[in-house]
Amino acid sequence: MAYGKWIGAWIGAMSGGVLGALAGFALGSLFDSYTNNADETANNTRGGNRQNSEEGARNGFLFSLMVLSAHIIQADGKIMHSEMETVRRFLRNNFGEEAAIQGDIIIKRIFEYRKQQGEITWQRQIEQACMEMRRAMPEEHRLQLLVFLAEVAKADGKVDAIEIDAMRRITLLLGLNTSVVDQLLSLGGNSIEDAYRVLGITPDATDEEIRRAYRNLVRKHHPDRVATLGSDIVEASKKKMQEINEAKERIFKARGLK
């Protein structure tokens, strides 16, 4: 992925004064490549079409990730170093130190923009942005966005109620069930209660309901479904699948299932 194009689009939008692009007004045009506009690609080769579509998908995903990460980081009114570092680490590990530095600048500019515009305008633009993401992204990509947001929210060792509320609102705006939030926030937990929450079921669920819930999660979160977003996203998806499998095994062991 040519991260320079992605970062350049952000900085260009902000330094040029078109700050509304941060949360909706430019997302439609950015996602034109994501949805593989037929007119635009008519003169490309088939291989070129695929490459452009995949790069557009990845750019769109990262653009969305930055907007929503900034929103979650500021949800409780505090900007925590650990939450910022989660985003920096993602950029640094996958695109290098320069990307981490520029990404840090971008998020801080989003914070400034939010302060300048006020909460009513910001919340309205977040809503518009999420609606564009919902229109352009397949379900598995939207789910992967939420996985990352959950990691940001958990980075400081606790998740405040206001952060959970912000994640649930984003989840609804992305067209997903809010039960996903409890599932994702429970990933990595060691208790049997966490395991049930990861699978999105209650302890009184039948054995068949447990198996069905697990199969549904595998279908939605399988790493192959995010392959177009790049190897780093695939690796994150593999980690999530491992945690889902561990939750399933914990429940199966407690129930004596195979």
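All values derive from a computational prediction rather than experimental measurement. (Residues numbered from 1 in each chain as written. Predicted model: local features only at pLDDT ≥ 70, side-chain atom pairs only at ≥ 80, totals over all residues. Heavy atoms only, no water.)

Caption draft 1: Molecular detail of the environment of I244. Note on placement: I244 falls in helix α12 (residues 231-255). Measuring from C-alpha to C-alpha, the distance between I244 and Y214 comes to 7.9 Å, with 30 residues separating the pair along the chain. With near-sequence residues (within four places) excluded, I244 lies in contact with L187, V198, L199, Y214, L217 and H221. (Helix = DSSP H or I, 4+ residues; strand = E, 2+ residues; numbered from the N terminus. Contact = heavy atoms within 4.5 Å.)

Caption draft 2: The layout of surface pockets, seen in detail. Counted as a void, the second largest pocket has a volume near 220 Å³. Residue lining of the second largest pocket: 18 residues in total, with V180, Q183, L199, N216 and L217 positioned closest to the centre. Those elements that place two or more of their residues in the lining of the second largest pocket are α9 (179-186), α10 (192-199), α11 (207-221) and α12. Broken down by element, the lining of the second largest pocket gets its largest block of residues, five residues, from α11. Tallied by class, the residues present in the lining of the second largest pocket amount to 10 nonpolar, six polar and two charged. (1 Å grid on protein atoms, 1.4 Å probe; cavity = no way out; pocket = protein on both sides within 12 Å on 5 of 7 lines; lining within 4 Å. Points joined across faces, edges and corners; volume = space filled by probe spheres on them. Nonpolar A, V, L, I, M, F, W, Y, C, P; charged D, E, K, R; others polar.)

Caption draft 3: Broad picture of the pattern of salt bridges. Evaluation of the coordinates by the stated rule reveals 16 salt bridges. With a shortest N-O distance of 3.3 Å, K158 and D160 are connected by a salt bridge. What makes D160 partly exposed here is its relative accessible area of 21%. A salt bridge links E243 to K239; the nearest nitrogen and oxygen atoms lie 3.1 Å apart. With E243 and K239 both in helix α12 and four residues apart, this pair spans about one turn of that helix. Through salt bridges with shared partners, a single ionic network connects E85, R88, R92, E97, D104 and K108. (Salt bridge = Lys/Arg side-chain N within 4 Å of Asp/Glu carboxyl O. Buried < 20%, exposed > 50% of the residue type's maximum accessible area, 1.4 Å probe, protein only.)

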